[in-house]
Every structure is written in C-alpha cells, then in structure tokens.
Amino acid sequence: MTFLKTVESKFFHKEIPYKPMGKYVHFLTIRITESYPLFQTDGELNKARVRAGIENKNTISRLSMFKRKQSTPERLVGRELLRNYGLMTAEECEYNVEFAMNNPDCIIYGFAIGDSGSEKSKVVVDTAFSITAFDESHETFTLNAPYENGTMASKGEGGSKPGEITSRINQQDHIRPQVFFPSIVTLKDPTEAGFLYVFNNILRTRHYGAQTTRTGRVRNELIGVIFADGEITSNLRWTQAIYDVMKANNTLNSPDPLDEDEVILSAKTAIEGLMSQEFIVHTDLIGDRFQSLLNEVKSLTGNEEGIKQLLQQADGEAKAYAKEHISSKKKAAAKTGDKS
C-alpha cells in the first residue's frame with residue numbers, strides 16, 4: 001500500500017532490509033520547552049561547555065538533551081498507539097522487560113535481550129543542545145512543604161510560627177519555557193510505513209525528561225525532511241550555525257526568550273547553508289516543499305482509518321522481517337547450543 005503522493009517512492013524500500021543499504025531520512029526538529037522540564041543526570045541538569053557558534057568563537061555552557069531523553073518518549077508514544085489499535089499487548093511486549101521482537105517498535109527502534117536476541121536501532125538520535133546559554137535557560141526552584149492550613153513553611157512567614165526552622169524539601173534546577181533544542185532524528189533504510197511511523201511519533205510526543213504530572217511539556221516543530229545517501233551535520237553544528245545567524249540578525253535578545261518565528265527562520269537558513277557544504281547526494285524538503293508533505297502526513301494520521309492502515313502496514317513489515325531474520329537467528333543459536 002502506498003500512502004504518500006508528495007514523496008517519490010525511490011526514497012523508500014519495499015521491505016525492511018537486513019543489511020544497511022545506504023538510504024537515510026533526516027527529520028529536522030526544533031524541540032521547544034513549554035513548561036519546566038528536567039533533563040538531568042544524578043540530580044543536576046545536563047550541560048556542556050562548547051563554542052557559541054561556528055563563526056562566533058566565544059565559549060558558553062549549553063543545556064544538553066541526551067539521546068535517550070529524546071528517543072525513549074517517542075518510541076513509548078508509538079507503543080501506546082500499537083496497543084490502542086490492537087497490534088500489541090502489554091503482556092507480550094513490555095518495554096525494557098520483555099520485547100516481543102516482531103512489532104514496529106522493536107524492529108525500528110531496536111532491542112537487546114541478553115542471549116535471547118537483539119536488533120540494532122534504525123533510528124539515530126544524538127545529544128541536542130540549547131541555542132541559548134545555560135544561565136539564560138534555567139532557573140532554580142525551592143520546593144517547600146505546605147502546612148495543613150494550606151500555607152507554605154518559611155522562617156516566620158506565610159503562616160509558620162516565627163523562629164521555626166523552614167520545612168523546605170529541596171532545591172531543583174528546571175529548564176525554562178521557550179528554550180529551543182535543534183535536533184536531527186535520522187531513520188536508516190526506511191520503508192514508507194516506517195518513515196510515517198517515526199514521523200508520527202515525533203509529531204505526537206509532548207513530554208520529555210523526568211516524567212511527572214506537572215512538567216516536561218515539550219513541543220516538536222518539524223521544519224523539514226532530508227533524504228540522503230549518508231548522514232548529515234550534527235546537532236551541535238546546526239545549533240552553532242543557528243546561533244551565528246541569529247547573532248548576525250540581532251535576534252538574540254538576552255535575557256528575553258528567543259522569538260519562535262526568528263528561531264524557525266534562522267534554523268532553515270542555517271541548515272540550508274550547512275547542506276550546501278555536504279559531500280553526499282541529498283534531496284531537501286524544506287519550506288513550502290516540506291509543508292505539502294506535512295499536510296499530507298497530518299491528514300493521514302489525523303483520522304482513525306488512516307492511522308490504523310499505517311500501523312497495520314508497519315506491523316506487517318515488522319513481522320515479515322522478524323520471521324525472516326530474527327527467528328532464523330534464534331534457530332541458529334539454538335542449534336549451536338545443542339552441539340555444545
């Protein structure tokens with residue numbers, strides 16, 4: 001079944017190949033915080049000290065969004081959809097516990113189950129970095145314990161008795177709203193259904209980082225898709241190029257948040273400049289060319305019949321791949337075990 005009219009079929013495989021075949025699709029994503037998410041390790045926000053731009057050689061600290069902070073929420077959204085439409089059950093495939101090894105999540109995003117088998121992820125995501133510096137992109141909150149009358153505890157204020165010791169729980173750094181993380185999500189050797197499955201997961205995912213009921217809200221704005229016969233620039237270099245463009249246009253208005261329209265415009269300009277320096281064959285769908293594709297994808301995934309057909313196609317391809325390649329590997333491993 002063919003779903004798309006805006007993309008040539010030559011960019012997709014008819015079935016999931018067992019070995020790398022040199023077809024890549026790169027989703028150009030700007031991740032925008034809309035609450036106070038936490039991307040942290042050992043209780044501290046992840047950050048890196050790097051050069052501000054490619055041209056601008058000043059060094060700054062940037063917030064970091066590690067790979068798994070991006071890929072895990074997106075694959076969980078896909079798994080949720082597979083369960084919702086009856087293509088997977090929680091009993092047969094539980095994330096990081098027991099993988100079924102034969103559904104789109106397992107085959108596209110990969111799995112590893114000790115001696116039972118493994119499948120390398122076809123989705124490549126690298127660390128993303130904030131455009132703005134760490135000091136401008138986070139703030140520290142003090143978490144207090146409320147008394148039963150609803151007031152907050154502090155030294156002689158807000159209802160507590162004068163002279164009593166504050167009942168603070170702890171302090172925690174949070175990422176501010178309207179912080180921008182440019183991120184390139186790469187899918188290797190896609191089928192059309194696999195491409196749409198990953199595309200849909202990116203569009204639908206709304207929460208990243210430490211998961212709570214009150215924070216972690218992030219919106220993904222896709223600005224383009226690039227089909228190529230190799231990998232393209234890194235997240236860091238794209239971020240640095242965006243910084244250079246915004247610096248030249250005087251749109252880095254610290255300490256005010258960046259203007260989203262300016263970020264999107266600068267991101268398109270930056271990636272077009274970087275792609276002009278590449279030594280690979282590539283077809284870039286950016287701007288109006290991408291908008292047509294985005295509208296077609298939203299139309300497909302925005303109705304029940306369309307999303308069901310897409311998921312069923314992706315599931316059929318995954319099961320055919322698993323039967324041909326994963327089952328055969330398990331049988332070969334079992335025979336080796338019998339001989340030993």
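Residue indices begin from 1 for each chain and proceed along its sequence in written order. pLDDT decides what is reported in this predicted model: residues at 70 or higher carry local features, side-chain atom pairs at 80 or more are listed and counted, and totals for whole chains, interfaces and linings draw on all residues regardless. Computation of side-chain values: all heavy atoms of the structure, hydrogens and water removed.

Asker: Where do I start with the side chain of Asp244 in this structure?
Answerer: Segments assigned H or I by DSSP are reported as helices when at least four residues long, segments assigned E as strands when at least two residues long, and all are numbered from the N terminus. By the secondary structure assignment, Asp244 is in helix α5 (residues 235–248). Think of it in three bands: with a 1.4 Å probe and only protein chains considered, a residue is buried below 20% of the maximum accessible area for its type, exposed above 50%, and partly exposed in between. Counted as positive: Lys and Arg. Counted as negative: Asp and Glu. His and the chain ends are not counted at all. In the sections that follow, a salt bridge refers to a side-chain nitrogen of Lys or Arg positioned within 4 Å of a carboxyl oxygen of Asp or Glu. No salt bridge is formed by the buried Asp244, whose closest oppositely charged neighbour, Arg51, lies at an N-O distance of 7.1 Å. Other than its neighbours up to four places away in sequence, Asp244 contacts Gly53, Ile54, Glu55 and Asn56. Contacts are assigned to residue pairs that have any heavy atoms within 4.5 Å of one another.

Asker: Can you help me understand the environment of Val50 in this one?
Answerer: When you line up the elements, Val50 lands in strand β4 (residues 47–51). Measuring from C-alpha to C-alpha, the distance between Val50 and Leu236 comes to 8.8 Å, with 186 residues separating the pair along the chain. The residues touching Val50, leaving out its near neighbours within four places in the chain, are Asn58, Thr59, Ile60, Arg62 and Leu236.

Asker: So what exactly am I meant to see when it comes to the sheet that holds strand β5 (residues 59–65) here?
Answerer: Sheet strands pair by backbone hydrogen bonding; their relative direction is either parallel or antiparallel. By this definition, two strands are paired if DSSP reports at least two bridges between them. Here we have three strands laid out as an open sheet, ordered β4-β5-β9, and antiparallel in their pairing. Each edge of the open sheet is held by one strand with a lone partner, namely β4 and β9 (128–133). Here the average twist between neighbouring strands, direction ignored, is 45 degrees. Pairing of β4 with β5 involves five bridges; the strand directions are antiparallel. Bridge assignment links Val50 to a residue of β5, and that residue is Ile60. Helix axes use the C-alpha atoms of the stretch in contact, all axes being lines fitted to C-alpha atoms, and the angles between their N-to-C directions lie in the range 0 to 180 degrees.

Asker: When you look at empty space enclosed by the protein in this model, what are you seeing that I'm missing?
Answerer: Over the atoms rolls a probe the size of a water molecule, and in doing so it shows where empty space is left. Here a cavity denotes a set of grid points, spaced 1 Å apart and computed over the protein atoms alone, in which a 1.4 Å probe fits but from which it cannot get out, and a pocket denotes an open set meeting protein on both sides within 12 Å along at least five of seven lines; residues with an atom within 4 Å of a point are reported as lining. Grid points are joined across faces, edges and corners, and a volume is the space filled by probe spheres set on the points. In this structure the tally under the stated criterion is one cavity of 30 Å³ or more. Within this model, the largest cavity holds a volume of roughly 80 Å³. If you go around the largest cavity, the residues you meet are Ile16, Ile108, Lys122, Leu187, Lys188, Asp189, Pro190, Thr191, Gly194, Ala314 and Glu317. Mapped by element, the contributors of at least two residues to the lining of the largest cavity are β12 (180–188) and α8 (304–339). Residues were grouped as follows: Ala, Val, Leu, Ile, Met, Phe, Trp, Tyr, Cys and Pro as nonpolar; Asp, Glu, Lys and Arg as charged; and all remaining residues, including Gly, as polar. Of the residues contributing to the lining of the largest cavity, the split by class is five nonpolar, two polar and four charged.

Asker: Just checking my understanding: could you explain unusual backbone geometry for this structure?
Answerer: Negative phi is the rule for most residues except glycine; trans is the rule for most peptide bonds. Looking along the chain, the bond that leaves Ser254 and enters Pro255 is cis, with omega of 5 degrees. In this structure, Gln178 takes a positive phi of about 60 degrees despite not being glycine. Classification of Gln178 by relative accessible area gives partly exposed; the value is 40%. One non-glycine residue, Asn250, lies in positive phi territory at about 55 degrees.

Asker: Quick question: what am I supposed to make of the environment of Glu221 here?
Answerer: Tracing the backbone through its elements, the reader meets Glu221 in strand β13 (residues 218–228). In this structure, the C-alpha to C-alpha distance between Glu221 and Pro182, residues 39 residues apart in sequence, is 9.5 Å. In contact with Glu221, not counting residues within four places along its chain, are Leu28, Thr29, Ile30, Ile32, Glu260 and Ile264.

Asker: Help me out: how do you make sense of the environment of Gly78 in this one?
Answerer: Tracing the chain through its elements places Gly78 in helix α1 (residues 67–84). A residue is classified by how much of its surface remains accessible, and Gly78, at 0% relative accessible area, is buried. For the pair formed by Gly78 and Val198, sequence separation is 120 residues and the distance between their alpha carbons is 8.0 Å. In contact with Gly78, not counting residues within four places along its chain, are Tyr197 and Asn201.

Asker: What is the right way to read α5 from this model?
Answerer: Because each turn of an α-helix spans 3.6 residues, side chains separated by three or four positions in sequence point in the same direction. To estimate the expected span of a helix, count its residues, drop one, and scale the result by 1.5 Å. The terminal C-alpha atoms of α5 lie 20 Å apart, and with 14 residues this matches the ideal 20 Å at 1.5 Å per residue to within 8%. The buried fraction of α5 is high, at 10 of 14 residues. Among the residues of α5, those classed as buried are Asn235, Trp238, Thr239, Gln240, Ala241, Ile242, Tyr243, Asp244, Val245 and Met246. Phi turns positive one or two residues past the end of α5, at Asn250, with a value near 55 degrees.

Asker: I'm lost on the pairing of β5 in this one. Help?
Answerer: Side-chain direction in a regular strand flips from residue to residue, so the side chains alternate between the two faces of the sheet. For β5, the tally of buried residues reaches five of seven residues, placing the bulk of the element in the interior. Relative to β9, β5 runs antiparallel, the two being bridged by three bridges. Directly across from Met65, in β9, lies its bridge partner Ala128.

Asker: Is there a simple way to think about the state of the cysteines in this case?
Answerer: Disulfides are covalent bonds that connect the sulfur atoms of two cysteines. Throughout, a disulfide means two cysteine sulfur atoms within 2.5 Å of one another. Applying the stated criterion across every chain, the model contains zero disulfides. No disulfide involves Cys93; its sulfur sits 3.8 Å from that of Cys106, the nearest cysteine.

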